[in-house]
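Architecture at a glance
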Amino acid sequence: MRCPLEHHNASLAQALSVLARNSEHQYGITKDQQYYAKALAFDRAAACLKSLQQPLLSISQLTDSCPRYIGDHAIRIITELLNTGASAEVDAVTGSDLYQCMTNLTAVYGVGQALAYKWYSCGVKSVSDATHRLLRHHECGEGQQQKRDSELVALLPMGGGDHKRLQTGLAFHNDLVNKPVALAEASYFRDLIAKLLLELRGPGFTVTLVGGFSRGKSTGHDCDLLITHDVEGREAGAVSDLARVLTAAGMVIHGTFEANSFSPSVLSRDFRVKELRSTLDHFEKWLGVIRLSSKDTDSSTVDRDVESIMAKIDGNGCDRQGEGLPAAKRRALSPNYCAFDSFAEAVAMAGGEAGAAYASRGWLARRVDLIAVPRSQYAYALLGWTGNRLFNRDLRLFAQRQRRMKLTSHGLFDLQKEASLPASSEEEIFQHLGLDYIPPKFRNC
Ligand code: DGT
Ligand code: MG
């Protein structure tokens, strides 16, 4: 199925997406697998609509072109929309308090379905309401336990690290959700990272902008960068060094580092079906929120900006011999970092509860993902990180069910031949799967 970004059935697909997201919320709340399956079915039906080369006029156009993909429920909704121009079920969902709250709250970086529902159950109606309540809660202070009523305590997620991520997501919500990352900004950041790697570790690195931008989107919710090196193994440590350098340059608001957890069993028959559902992989990666200045959309300033970043590092004795950061510097800086101590400080940094006007602050908070990939796994990582999510899920299911192969962002394992199938390009992966190549611009399922 080829799904371009711009297609002929936007309003029908949007209606099905509403039902898919609603089922996803229900799955998050109840953990009932039937909602997971429903969400998938509505997303698949929406993808069929996106793949049509003309506007849908009758339901048979759809059932003829994608017979296996359209379920009865989706057919009922589409038929109603075609006949009357509206769907009572879709209207009821979009008008419901639960759907609106869950949609708004799960858009916050660091807030999952379970926490969003917990907040909703406590009467939290909006992101600004959550921010306000958390600020009040924090103002109570550690020593005034008795003042914390149970409702406010319930607002807090479990675990310390998640807590800082959530605080970042709430404090900088206006930047992260209402001001999408533009292609020019993402390209600037890619060039900055490429130049920093050259300075820190010498030549041989490739930095690729992946995710929605590589599928032709002009804006995105984040900037996803895959980093690899011509020599297998030389990519190791690149992401943690970059995180340290960005931190030393004062660009990081919050960042978490995940070490490489790849083992050969990932590329073997020994895998769980659960892994097929998950997009998680085992690469070294850094998930951060950085400040990007308003002028940082012009790649011609990258050389100068890298010089100024390196000057800050050089003050601490970086040798620039292609070895990355010197050991002393590496020890002094952590790739896990948070620029604020309290939620109130984070909100102040953002310019107040509503977030300062962009112009007066001069920078925006931006979500960035840096992923270090060994050259031998690069084609598979590129396929996985290009997405989109539904495309990945269906390609992996196709590999498993139709080809008896296990596809992940690390490789492809043929379960019958008991062998992994190396690939140096995405085209080769499609060949292994016996499929025609689908360019990224048609992976917007
Ligand atoms: P955006 O940023 O709103 O334009 O949307 P995307 O499509 O760039 O989505 P994003 O940034 O969440 O993720 C990029 C793609 O990478 C997405 O299709 C799924 C995949 N992906 C996301 N997180 C992970 C992960 O942890 N591991 C793997 N293998 N893939 C991931
Ligand atoms: Mg993205």
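The model shown is predicted, which means the values in this text are computed figures rather than measured ones.

This brings us to the overall build of the protein chain. Each helix and strand in the protein chain was counted, giving 21 helices and eleven strands. Counting only residues that meet the buried cut, the protein chain has 50% of its 445 residues in that class. Counting only contacts in the protein chain whose residues sit at least 6 apart along the sequence, the fraction spanning at least 24 positions is 72%. Counting only carbon and sulfur atoms, one obtains 52% of the accessible surface of the protein chain, whose full area is about 19,900 Å².

Taking the UniProt record as the reference, the feature "binding site: Mg(2+)" (unreviewed entry) is found at Asp222, Asp224 and Asp369. Taken together, the annotated residues stretch across 148 residues yet fold into one region, lying no more than 7.5 Å apart by C-alpha. The class for Asp224 is buried, based on a relative accessible area of 8%. In contact with Asp224, not counting residues within four places along its chain, are Thr208, Leu209, Val210, Gly211, Asp369 and Trp385. One can find Asp369 in strand β8 (residues 363–372). Setting aside residues no more than four positions away along its own chain, Asp369 makes contact with Asp222, Cys223, Asp224, Leu225, Trp286, Leu287 and Trp385.

This paragraph deals with the coordination of the magnesium ion (ligand 2). Distances from the magnesium ion (ligand 2) to its protein donors, Asp222 (OD) and Asp224 (OD), fall at 2.0 to 2.2 Å. The same class applies to Asp222 and to Asp224, which are both buried.

Moving on: the nonpolar core. Core analysis: the largest hydrophobic core is formed by 37 residues, its most contacted members being Phe189, Ile193 and Leu370. Of all the secondary structure elements, the ones that give two or more residues to this core are α12 (183–201), β2 (205–209), β4 (223–229), α13 (238–248), β6 (284–293), α15 (302–314) and β8. Examining the composition of this core, we find that eight residues originate from one element, α12, more than from any other. Each residue touching Leu370, except ones within four places of it in the same chain, is listed here: Phe189, Ile193, Leu225, Ile227, Val239, Leu242, Leu246, Glu284, Lys285 and Trp286.

Mapped onto the fold, Ala381 is located in helix α19 (residues 378–386). For Ala381, a relative accessible area of 0% gives the class buried. Once the C-alpha coordinates of Ala381 and Leu226 are considered, the two residues, 155 residues apart in sequence, prove to be 8.0 Å apart. Setting aside its immediate chain neighbours within four residues, Ala381 contacts Leu226, Phe283, Val373 and Ser409.

Next up on the list: the packing of aromatic side chains. Under the defined criterion, the tally for this structure stands at four aromatic pairs. Between Phe172 and Trp363, the aromatic rings sit 6.0 Å apart at their centres with planes inclined by 45°, giving tilted as the arrangement. A residue pair is termed long-range when its members are at least 10 positions apart, and Phe172 in the loop between α10 (160–171) and α11 (173–178) and Trp363 in strand β8 qualify at 191 residues. Across the pair, Trp363 and Phe172 agree in class, each one buried. A cation sits over an aromatic face here: Arg375 above Tyr378, 5.6 Å from the ring centre.

This part takes up the sheet that holds β2. Read from one edge of the open sheet, six strands run β2-β4-β8-β6-β5-β7, paired in mixed fashion. Looking along the sheet, the strands with just one partner apiece sit at the ends: β2 and β7 (337–338). Relative to β4, β2 runs antiparallel, the two being bridged by five bridges. Within β4, the residue paired with Phe205 across the bridge is His229. Most of the contacts of α19 go to β4, to which it runs at about 175°, and overall it touches β2, β4, β6 and β8.

It is worth spelling out the side chain of His410 at this point. Within the secondary structure, His410 is located in the loop between β9 (405–407) and β10 (412–414). Separated by 2.9 Å, the side chain of His410 and the backbone nitrogen of His282 make a polar contact. For His410, the side chain forms a polar contact with the side chain of Gln377, separated by 2.8 Å. Those residues in contact with His410, other than ones at most four positions away along the chain, are Phe262, Val266, Leu267, Asp281, His282, Phe283, Gln377 and Tyr380.

Where helix α2 (residues 33–51) meets helix α4 (residues 72–84), the closest approach of the two axes is 9 Å, and the angle between their N-to-C directions is 50°. Between α2 and α4, the angle is such that the two are oblique. The element α2 and its partner α4 pack so that their crossing is right-handed. Two secondary-structure elements touch here, α2 through Lys38, Phe42, Ala45 and Leu49 and α4 through His73, Ala74 and Ile78. The residue inventory of the contact of α2 with α4, partitioned by class, reads five nonpolar, one polar and one charged.

Here the focus is the pattern of salt bridges. For the structure shown, the criterion picks out 19 salt bridges. Among the ionic pairs, Asp241 bridges to Arg201, the shortest N-O distance being 3.5 Å. With a gap of 40 residues between them, Asp241 in helix α13 and Arg201 in helix α12 connect regions that are remote in the sequence. Among the residues examined, Arg201 registers a relative accessible area of 12% and is labelled buried. For Asp369, the salt bridge goes to Arg367, with nearest N and O atoms at 2.8 Å. The burial state of Asp369 is the same as that of Arg367; both residues are buried.

Definitions and limits used
- Residues numbered from 1 in each chain as written.
- Chains lettered and ligands numbered in written order.
- Predicted model: local features only at pLDDT ≥ 70, side-chain atom pairs only at ≥ 80, totals over all residues.
- Heavy atoms only, no water.
- Helix = DSSP H or I, 4+ residues; strand = E, 2+ residues; numbered from the N terminus.
- Buried < 20%, exposed > 50% of the residue type's maximum accessible area, 1.4 Å probe, protein only.
- Contact = heavy atoms within 4.5 Å.
- Areas by Shrake-Rupley, 256 points an atom, 1.4 Å probe, with all protein chains shown as cover.
- UniProt positions renumbered as here; feature names shortened; annotations may be inferred.
- Donors = N, O, S within 2.8 Å, 3.2 Å for Na, K, Ca; no water.
- Core = buried A, V, L, I, M, F, W, Y, C linked by side-chain atoms within 4.5 Å.
- Phe/Tyr/Trp six-rings, centres within 6.5 Å; stacked < 30°, edge-to-face > 60°.
- Lys NZ or Arg CZ within 6 Å of the ring centre and 35° of its normal.
- Pairing = 2+ DSSP bridges.
- Axes fitted to C-alpha atoms, helices over the stretch in contact; angles between N-to-C directions.
- Polar contact = N/O pair within 3.5 Å; in protein donor to acceptor, adjacent residues only side chain to side chain.
- Parallel < 35°, antiparallel > 145°, perpendicular 65-115°, else oblique.
- Left-handed = near helix turned anticlockwise from the far one by under 90°.
- Nonpolar A, V, L, I, M, F, W, Y, C, P; charged D, E, K, R; others polar.
- Salt bridge = Lys/Arg side-chain N within 4 Å of Asp/Glu carboxyl O.

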